[in-house]
Amino acid sequence: MTDLLRTRVLGRSPRRVDGPAKVTGVARYAGDQHVVDPAYAHLVQAEAARGVLTDVDVRAALAVDGVLAVLTPDNAPRLASTEDAELAAFQSHDVAFRGQVVAAVIARTREIAREAAALVRVRIDEQPHDVRLSADRDDLYAPEKVNTGAETDTARGDVATALAHSPFTLDQTYTTAWYNNNPMEPHTTTALWLDGDLALYESTQGVHTTRAAMAEVFGLAPERVHVIAPHVGGGFGSKGTPHVHSVIAAMAARELPGTPVKLALTRPQMFSLAGYRTPTVQRVRLGCDADGRLAAVAVDAVSQTSRIKEFAEQTAVPSRMMYAAPNRATTHRLAALDVPVPSWMRAPGECPGMFGPEVAVDELANACGVDPVEFRVRNEPDVEPESGKPFSSRNLVACLREGARRFGWRHRDPTPRARAESGWLIGTGVAASTYPVNRTPGSAATIRCTGPRRYLVRIGAADLGTGTWTSLAQIAADALGVDFADVELRIGDTASPKASVAGGSSGITSWGSTVVAAAEAFREQFGDDPAEGDEAGAEMPEDDAGDRYAMHAFGAQFAEVRVHVDTGEVRVPRLLGVFAVGRVVNPRLARSQLVGGMTMGLSMALHEHSVPDPRFGHVVNHDLAEYHIATNADVPRVEAHWVDEHDPHTNPMGTKGVGEIGIVGTAAAIANAAHHATGVRVRDLPLTLDHFL
């Protein structure tokens, strides 16, 4: 693989292409599309966690003026495929979790639909349910694979013997909470059928993956499904896979030929219908010598999944490659519960999976008297510990050193509870972070000359607000050897060539490689002076570098924490992160992504916690009034920096993902700083005041 040498545009920060449309309010999202005389759908949800529907009385709803139809399991059309149980709307009378959709009211206005939905009477023959996650359940099982296809369990060496002979050991359990994705734009679909073809304006991270799923569910050829998502108001993983509301919107539109149907989930509905991050229980065992060099690393992770569809969070995977240790073991176990289907949430696996080990490393470093930064440096591996592959590049030590310099770490008194000011205990902490360089095959792009040295680039990528409209155009401009303003990019539409989903920090790697390949094909065919209308395309090239190298981004987060002596209130006046993420395409966008990820990590550390009520099986704090998320007042100072990193192996641009890594490690850094401030070691998130009183 050759590195992209032309750097006319890469590394600069041009104004966001979509910025003016968004700040002036003319950018149209899935629910904003101008369609003729639309109808609106509102969902009715089960109020039991498990059971069988015995009656859905819709008579009062149908009597409301303006109601057009009510879909239930008794009258809904049969779907062509129910293989994905999450998408099998109204195909069964079984209730698998509280919040499952049992009816949908379609009406002339959104208000009428909501009013009528409240009049639907649902009877359920309730059955005993179970929503309690714990590591001591006797029905935990090992999934065949975990998310990303990684091995469920791994073992190298002899962990038990290594621990028995280590002068310093740790054996503790850490927990992360149930977290719900809450993008500003709710999950929304506008559906319309025309001559047997389905058109969807969709809030999605992947128009082509949505098309494939909907085509299968409705038994259509993929080319008969058109999905459009020019702007998406955040996703964080929750819009990476289709959910049942999209199927119901399409069902409703099919019942009303020629009538578009709009369906937007309410905020409470998103807590049961749009995926979430499973809570985790992590047992971490570490052993090291007196110099702080690890002899053993073991992580046993437990999480939950729905009974109707398995999702196995890869919680223990990052510990397999983070630090050098000759003896290693990891396991994953699942509890199948009567809960909604979990799914991706920003940095799945790495985000919760780095909390336990990074707090454990801090504990062990303190126990053996080694500075936490130095402890991590001493355990830097020469090759990826489990695979034995050389790293394509690994600059974790550079991130730790540069972060410590910028943060003023050398002035730190390591003694817990040593610093107080005006009733506040003050501490500082550090944690490391990592995220794999993911590369998803299957994308294609076309490039057409539209005038002298002007080009139209088409690829079905998605922009979730991350800046894809801008960064992908920068890559195209450099690959074509023209200025940024000379490239017009078209994305977010299945009318464009196929593109992989926007997830796993894989977008720029996958789509950018594809655009570069298309540019090379174009220039090879037409040279540097093409005629208007000349067009060429290419698919993402195959690459075996991942077979030869371990590819990861790395980072180090530093936090200052203040805990009030009397109230236990926790504040984080300062966060600093330094990252090694390959070549940065657009510094302004990269900094925004890293700061956003760190802010979400702070939110995870201090606030976020979906609280299930085991009596009724639902999340009780299912709105933004009670599900607390960090606001501007919580993050007075967040700094994101990066080290210069040249990696010729990852892709033609030399990039690594920046969307996920900012959240990884942040919560651990804050927890470690809280311990330094108070002397209280908190192993369960979030860090609420009761831990310190």
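Residues numbered from 1 in each chain as written. Predicted model: local features only at pLDDT ≥ 70, side-chain atom pairs only at ≥ 80, totals over all residues. Heavy atoms only, no water.

J.: Report on the sheet that holds strand β2 (residues 51-57), specifying residues and quantitative values.
T.: With antiparallel pairing, three strands are arranged side by side in an open sheet as β4-β2-β6. On the outer flanks of this sheet lie β4 (94-95) and β6 (121-126), each paired with one strand and no other. (Pairing = 2+ DSSP bridges. Helix = DSSP H or I, 4+ residues; strand = E, 2+ residues; numbered from the N terminus.)

J.: Which residues make up the packing of aromatic side chains, and what are the values?
T.: Two aromatic rings are characterised by how far apart their centres lie and by the angle between their planes. Considering all chains together, one arrives at nine aromatic pairs under this definition. Between the aromatic rings of Y174 and F355, the centroid separation amounts to 6.5 Å while the plane-to-plane angle is 85°, which identifies the pairing as edge-to-face. With Y174 in strand β8 (residues 168-176) and F355 in helix α9 (residues 355-368), this residue pair connects regions lying 181 residues apart in the sequence. For the residue pair Y174 and F355, the accessibility class agrees, reading buried in each case. Cluster of aromatic residues (ring-pair linked, three or more members): F407, W409 and F558. Between R254 and the ring centre of W193, over which it is positioned, the NZ or CZ distance is 4.2 Å. Stacked on the ring of F391, the Lys or Arg R394 has its end atom at 4.9 Å from the ring centre. (Phe/Tyr/Trp six-rings, centres within 6.5 Å; stacked < 30°, edge-to-face > 60°. Buried < 20%, exposed > 50% of the residue type's maximum accessible area, 1.4 Å probe, protein only. Lys NZ or Arg CZ within 6 Å of the ring centre and 35° of its normal.)

J.: Can you break down the nonpolar core residue by residue, with the values?
T.: In terms of nonpolar packing, the biggest core is built from 95 residues, with L294, F375, F558, I670 and L687 touching the most fellow members. Here the element with the most residues in this core is helix α15 (residues 587-606); it accounts for eight residues. Ignoring any residue separated from it by four or fewer positions in sequence, one finds F375 in contact with C288, G292, L294, V361, L364, A365, C368 and V370. The next biggest cluster of nonpolar side chains, apart from the first, holds 82 residues, and it includes V217, A229, L256 and I447. (Core = buried A, V, L, I, M, F, W, Y, C linked by side-chain atoms within 4.5 Å. Contact = heavy atoms within 4.5 Å.)

J.: Kindly report on the packing of α9 against helix α16 (residues 666-678), identifying the contributing residues and their values.
T.: Across the interface, α9 lies against α16 with an axial gap of 8 Å and an inter-helix angle of 35°. Handedness of the crossing formed by α9 with α16: right-handed. Together, F355, E358, V359, D362 and N366 of α9 and A667, A668, A671, N672 and H675 of α16 make up the contact between the two elements. The residue makeup of the contact of α9 with α16, split by class, is five nonpolar, three polar and two charged. (Axes fitted to C-alpha atoms, helices over the stretch in contact; angles between N-to-C directions. Left-handed = near helix turned anticlockwise from the far one by under 90°. Nonpolar A, V, L, I, M, F, W, Y, C, P; charged D, E, K, R; others polar.)

J.: Which residues make up the pattern of salt bridges, and what values go with them?
T.: For the structure shown, the criterion picks out 38 salt bridges. When the shortest N-O distance is used, the salt bridge between R405 and E402 registers 2.7 Å. Taken as a pair, R405 and E402 lie in helix α11 (residues 396-407) at a separation of three residues, close to a single helical turn. Exposure remark for E402: the relative accessible area of 21% places this residue in the partly exposed category. Where salt bridges share partners, they join R16, D18 and K22 into one cluster. (Salt bridge = Lys/Arg side-chain N within 4 Å of Asp/Glu carboxyl O.)

J.: Report on empty space enclosed by the protein, specifying residues and quantitative values.
T.: In the structure shown here, the tally under the stated rule is three cavities of 30 Å³ or more. The calculated volume of the largest cavity comes to roughly 70 Å³. The wall of the largest cavity is formed by L286, L294, V297, S319, M322, Y323, R328, P357, E358 and V361. At the level of secondary structure, the elements contributing two or more residues to the lining of the largest cavity comprise β14 (294-306) and α9. Element by element, the count of residues in the lining of the largest cavity is highest for α9, at three residues. Surrounding the second largest cavity, H187, E202, S203, T204, T210, K239, T241, P242, H243, H245 and S246 form its lining. Residues belonging to the lining of the second largest cavity are distributed by class as follows: one nonpolar, eight polar and two charged. (1 Å grid on protein atoms, 1.4 Å probe; cavity = no way out; pocket = protein on both sides within 12 Å on 5 of 7 lines; lining within 4 Å. Points joined across faces, edges and corners; volume = space filled by probe spheres on them.)

J.: Quick rundown of the environment of G503? Include the residues and the values.
T.: Topologically, G503 is positioned in the loop between β20 (487-490) and α13 (507-526). For G503, a relative accessible area of 23% corresponds to the partly exposed category. With 378 residues separating them in the primary sequence, G503 and D125 have C-alpha atoms 39 Å apart.

J.: Help me get a handle on the layout of surface pockets, residues and values and all.
T.: Looking at the second largest pocket, its volume works out to about 650 Å³. Forming the walls of the second largest pocket are 29 residues, and the residues nearest its centre are Q45, A46, E47, R98 and G99. If you list the elements that add at least two residues to the lining of the second largest pocket, you get β1 (39-45), α3 (110-117), β6, α7 (267-273) and β25 (618-619). The element that contributes the greatest number of residues to the lining of the second largest pocket is β6, accounting for five residues.

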